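# Examination of the molecular architecture
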Amino acid sequence: MSFPWAKQYEPKAPLMRYLDEKLPLPRFLYNAVGGGYPVPRNLNYWWNFGVLAGFCLVLQIVTGVILAMHFAANAGVAFNSVEHIMRDVNWGWMLRYAHANGASFFFIVIYIHIFRGFFYGSYKAPREMVWLLGVVIFLLLMATAFMGYVLPWGQMSFWGAKVITGLFGAIPIVGEPIQIWLLGGYAPDNAALNRFFSLHFLLPFVIAGVVILHIWALHIPGSSNPTGVEIKSESDTIPFHPYYTAKDGFGLGVFLIAYCLMVFFLPNFMGHPDNYIPANPLSTPAHIVPEWYFWPFYAILRAFTADILFVPAKLLGVLAMFSSILVWFFLPWLDKSPVRSGHYRPVFKKFFWVLVVDMAVLFYCGGAPAEEPYVMLSQIATAYYFLHFLVILPIVSMIERPNPLPFSITEAVLGSDDKAVMAANATPAT
Amino acid sequence: MIRLIGFFVGVAFTVAVLWAFATGAYTAATEPAAPTAEHEFHRTPRPLHLASDGPFGRWDLQQLQRGYQVYKEVCSACHSLKYVAFRDLAQLGYTEAEVKATAASWTVPGIDPVTGETNTRPGTPTDYFPSPFPNDIAARAANNNAIPPDLSLMTKARHDGAAYVHSLLTGYQDQPAELLKKFPDAKTGPGLHYNPYFANLNLAMAPPLSDDQVTYADGTKATVDQMATDVAAFLTWTAEPSLIKRKQTGWAVMIFLVFATILAWFAKKQVWAPITPKRPKKD
């Protein structure tokens with residue numbers, strides 16, 4: 001679907017006309033990310049992060065495919081092959097740092113993208129499917145990143161794999177057989193490393209497929225916007241190209257500056273020193289921690305320290321950790337407020353910022369050793385996390401009285417107080 | 001319906017985690033966690049400044065050569081350096097002939113070309129640094145049951161890498177009386193050595209350095225601190241020989257990106273100019 005005023009693709013060169021008849025790929029792109037996609041004129045820079053996430057995916061696939069040419073997925077030589085990449089492969093150090101930090105920046109971008117969705121109510125009708133596919137992408141991304149971290153076969157790779165696959169052991173009765181089946185053995189070893197490599201290569205392409213669905217689903221209602229008011233007329237929109245390609249170009253520049261600063265000057269800052277020690281099943285690291293982007297969920301996992309009746313604490317922790325993300329699937333139906341944007345929801349807005357702080361606390365506790373006061377802190381934060389999504393949001397959406405919304409996007413951009421200015425600017429230049 | 005189920009699920013998780021909080025708080029109140037010697041006496045490394053630090057870092061080749069000498073004459077008795085090849089030493093400013101000569105001064109495992117039996121031979125530039133022990137069991141047997149770790153990646157495999165190496169090598173001391181008074185069970189065991197920079201305070205490695213243990217070719221006085229600093233610098237290089245190239249590449253990349261981003265900003269401004277609201281100037 002598109003808006004009736006969307007510009008039509010008109011190939012001029014004979015070759016393009018020929019191509020448009022036989023395989024209208026240029027037309028497809030024109031309608032997807034070109035002049036043929038009308039976008040709200042008021043998107044702010046938080047809307048850059050979707051494009052940035054797509055860029056990260058491409059970056060990870062390109063660097064990853066080249067790294068795979070030099071990497072050996074065998075428990076005996078995996079660590080050495082990574083050092084081979086670092087020392088002997090031309091620009092291998094740059095590829096590996098680009099890939100490792102690329103994963104971190106992918107998560108930074110995706111977390112901002114998700115929280116932008118939380119604040120502006122991007123998950124609400126008619127964009128539920130966009131949101132659901134987004135959560136699927138996030139889950140696939142977590143699986144991919146986790147398996148990628150195992151590949152260098154350092155101490156944290158090994159022990160991280162052991163702890164995370166050990167989670168399946170918490171499932172009653174079938175847990176242990178599942179864990180052994182997943183690992184291909186009783187502990188992570190060659191079988192696990194090989195299948196993780198295989199899946200780590202496969203999943204990014206699955207993600208790319210779901211990303212296409214995500215964008216497809218987005219293009220049916222069109223992009224949301226900071227006011228949360230739907231598009232009413234042509235003056236509310238501008239074509240994606242050149243306006244948002246130009247804005248995304250600048251955003252990409254800023255992103256690359258931050259990313260390259262880390263790659264070239266602090267490449268190991270977001271890693272763990274223990275992963276430069278080869279995996280040793282006989283020596284447990286003092287503190288096993290996953291990669292930083294899993295810390296909030298790791299904190300939730302570890303927050304459940306007491307059994308309840310016949311349910312062991314470990315099982316509770318595993319259920320809570322998976323539920324903490326699965327709950328996002330239900331968000332469109334938990335928050336029934338007809339107003340999308342947090343700007344016009346005074347009560348929701350306050351709780352949104354409490355959630356941001358709560359996630360920061362969970363993040364901090366997840367990276368800290370399992371000692372007091374971190375455990376108690378993470379327990380409070382975990383309690384708030386579940387209350388926020390399952391109790392507070394539904395209640396707030398029922399009782400809150402939202403602030404008045406602007407009549408249209410155009411009015412929000414140009415200001416209703418200034419009719420002359422509005423009239424002069426109502427139609428975008430083409 | 002979803003909201004009703006969600007409400008109960010949310011409350012259930014909250015109750016479970018708050019119950020865990022209450023049990024934890026009760027335990028913490030009734031049986032406070034006992035302090036440990038590691039907690040109270042472990043020290044973080046003292047700061048160390050090397051020429052390779054910072055965005056403008058450079059290798060101090062003289063220092064790296066001194067560090068190599070310390071590794072060769074002291075550390076290599078027990079520690080391997082298996083990811084470094086003799087050919088890599090050319091990066092420390094040695095000539096091709098010097099690299100060949102120093103490689104030949106090491107004995108590496110080989111195979112007799114006539115009989116096929118294992119033997120030893122002088123190293124060549126393509127060889128990697130040999131391990132001082134034939135296997136882990138031999139390493140354990142010779143070192144009070146502790147395997148001396150490979151040093152190639154040591155400065156990347158510890159927090160504050162080079163500073164840690166320097167502090168550890170210079171940090172040996174007698175066990176403080178205060179520690180023994182507070183934790184009588186934490187007395188350093190036989191064959192171990194007290195060092196507050198080591199994670200569990202007691203290290204199997206005996207203090208390896210003593211003043212004037214090596215004679216530097218460039219006349220630098222070989223104090224323990226000097227040797228520890230030099231070897232920390234050398235191990236910074238072994239951990240990442242591309243370190244300086246990385247930072248230099250980074251500057252070229254940053255200059256390009258900042259320039260490109262400024263252009264992108266003006267491009268964006270220009271593209272958006274026709275639709276940016278033009279407000280009458282208020283004066």
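Residues numbered from 1 in each chain as written. Chains lettered and ligands numbered in written order. Predicted model: local features only at pLDDT ≥ 70, side-chain atom pairs only at ≥ 80, totals over all residues. Heavy atoms only, no water.

### Some remarks on the UniProt feature "domain: Cytochrome b/b6 N-terminal region profile" (unreviewed entry) in chain A
Per the UniProt entry, the sites bearing "domain: Cytochrome b/b6 N-terminal region profile" (unreviewed entry) are residues 15-227 of chain A in this numbering. The span residues 15-227 of chain A carries 71% helix and 1% strand; its end-to-end C-alpha distance comes to 42 Å. (UniProt positions renumbered as here; feature names shortened; annotations may be inferred. Helix = DSSP H or I, 4+ residues; strand = E, 2+ residues; numbered from the N terminus.)

### Here's the deal with a nonpolar patch on the surface
Together, A:Ile395, A:Met398, A:Ile399, B:Met1, B:Leu4, B:Ile5, B:Phe7, B:Phe8 and B:Val9 line one region of the surface with nonpolar side chains, adding up to about 950 Å² of accessible area. Of all the secondary structure elements, the ones that give two or more residues to the nonpolar patch are helix H15 (374-399) of chain A together with helix H1 (2-30) of chain B. Here the nonpolar patch takes five residues from H1(B), the largest share from any one element. Mapping B:Met1 onto the fold places it in the segment before H1. (Patch = residues over 30% accessible without salt bridge, like charges linked within 9 Å, V, L, I, M, F, W, Y side chains within 5 Å. Areas by Shrake-Rupley, 256 points an atom, 1.4 Å probe, with all protein chains shown as cover. Salt bridge = Lys/Arg side-chain N within 4 Å of Asp/Glu carboxyl O.)

### Observations regarding the interface of chain B and chain A
At the interface, 57 residues of chain B touch 69 residues of chain A. For the pairing of chain B and chain A, the buried interface totals around 5,300 Å² over both sides, and the portion due to carbon and sulfur atoms is 72%. At the surface where chain B touches chain A, the tally comes to one salt bridge. For the salt bridge of A:Asp88 with B:Arg87, the shortest nitrogen-to-oxygen distance reads 3.9 Å. Here chain B is connected to chain A by ten residue pairs in polar contact (both at pLDDT 80 or more). Element by element, the count of residues in the side of chain B that touches chain A is highest for H1(B), at 17 residues. The class makeup of the residues in the side of chain B that touches chain A is 33 nonpolar, 13 polar and eleven charged. (Contact = heavy atoms within 4.5 Å. Buried area = accessible area lost by both parts, 1.4 Å probe. Polar contact = N/O pair within 3.5 Å; in protein donor to acceptor, adjacent residues only side chain to side chain. Nonpolar A, V, L, I, M, F, W, Y, C, P; charged D, E, K, R; others polar.)

### Structural notes on the packing of aromatic side chains
Per the stated rule, a full pass over the model turns up 64 aromatic pairs over all chains. Judged by centre distance (5.8 Å) and plane angle (70°), the ring pair of A:Tyr364 and A:Tyr374 falls under edge-to-face. Residue A:Tyr364 is located in helix H14 (residues 346-367), and its partner A:Tyr374 is located in helix H15; the two are separated by ten residues in the primary sequence. Directly above the ring of B:Trp272 sits A:Lys247, whose terminal nitrogen or CZ lies 5.1 Å from the centroid. One residue, B:Arg66, lies across the ring of B:Tyr216, its end atom 5.7 Å from the ring centre. (Phe/Tyr/Trp six-rings, centres within 6.5 Å; stacked < 30°, edge-to-face > 60°. Lys NZ or Arg CZ within 6 Å of the ring centre and 35° of its normal.)

### Quick look at the pattern of salt bridges
Applying the stated criterion to the full structure yields 16 salt bridges over all chains. Between B:Arg121 and B:Asp127 there is a salt bridge, with the nearest N and O atoms lying 3.0 Å from each other. Taking the relative accessible area as the measure of exposure, B:Arg121 reaches 32% and is therefore partly exposed. Given a relative accessible area of 13%, B:Asp127 falls into the buried group. It is possible to trace a salt-bridge network through shared partners that takes in A:Lys124, A:Asp335, A:Arg345 and A:Glu400. (Buried < 20%, exposed > 50% of the residue type's maximum accessible area, 1.4 Å probe, protein only.)

### What to know about the UniProt feature "transmembrane region" (unreviewed entry) in chain B
The sites that carry the UniProt feature "transmembrane region" (unreviewed entry) are, in the present numbering, residues 249-267 of chain B. Along residues 249-267 of chain B the backbone is 100% helical and 0% strand, and the end-to-end C-alpha distance reaches 27 Å.

### Some points on the packing of helix H10 (residues 240-265) of chain A against helix H9 (residues 243-272) of chain B
Relative to each other, H10(A) and H9(B) sit at 165°, their axes nearing to 8 Å. Judged by the inter-axis angle, H10(A) sits roughly antiparallel to H9(B). Of the two possible hands of crossing, H10(A) and H9(B) adopt the one that is left-handed. Split by residue class, the contact of H10(A) with H9(B) holds 22 nonpolar, five polar and four charged. (Axes fitted to C-alpha atoms, helices over the stretch in contact; angles between N-to-C directions. Parallel < 35°, antiparallel > 145°, perpendicular 65-115°, else oblique. Left-handed = near helix turned anticlockwise from the far one by under 90°.)

### Examining the nonpolar core
Residue and element names in this part refer to chain A. In this structure, Phe107, Phe118, Phe138, Phe297, Trp328 and Tyr385 are the most contacted members of the largest nonpolar core, which totals 129 residues. The greatest single-element share of this core, amounting to 16 residues, is contributed by helix H5 (residues 92-120). Ignoring anything within four residues of it in the chain, the contact list for phenylalanine 297 reads Tyr111, Phe138, Met142, Met321, Ser324, Ile325, Trp328, Met359 and Tyr385. (Core = buried A, V, L, I, M, F, W, Y, C linked by side-chain atoms within 4.5 Å.)

### Examining the side chain of B:Thr229
All names here are of chain B. Of note, threonine 229 is situated in helix H8 (residues 224-239). Overall, threonine 229 belongs to the buried group, its relative accessible area being 13%. The residues contacting threonine 229, other than those within four sequence positions of it, are Leu48, Leu50, Gln63 and His166.

### Some details on the pairing of strand E1 (residues 107-111) of chain B
Residue and element names in this part refer to chain B. Burial along E1 is one-sided: Val108 and Gly110 are buried, and none of Thr107, Pro109 and Ile111, which face the opposite way, are. Bridge count between E1 and strand E2 (residues 118-122): five bridges; the pairing is antiparallel. Counterpart to isoleucine 111 in the pairing with E2 is threonine 118. Hairpin remark: E1 followed by E2, antiparallel, with six residues in the connecting loop; positive phi at glycine 116, about 80°. (Pairing = 2+ DSSP bridges.)

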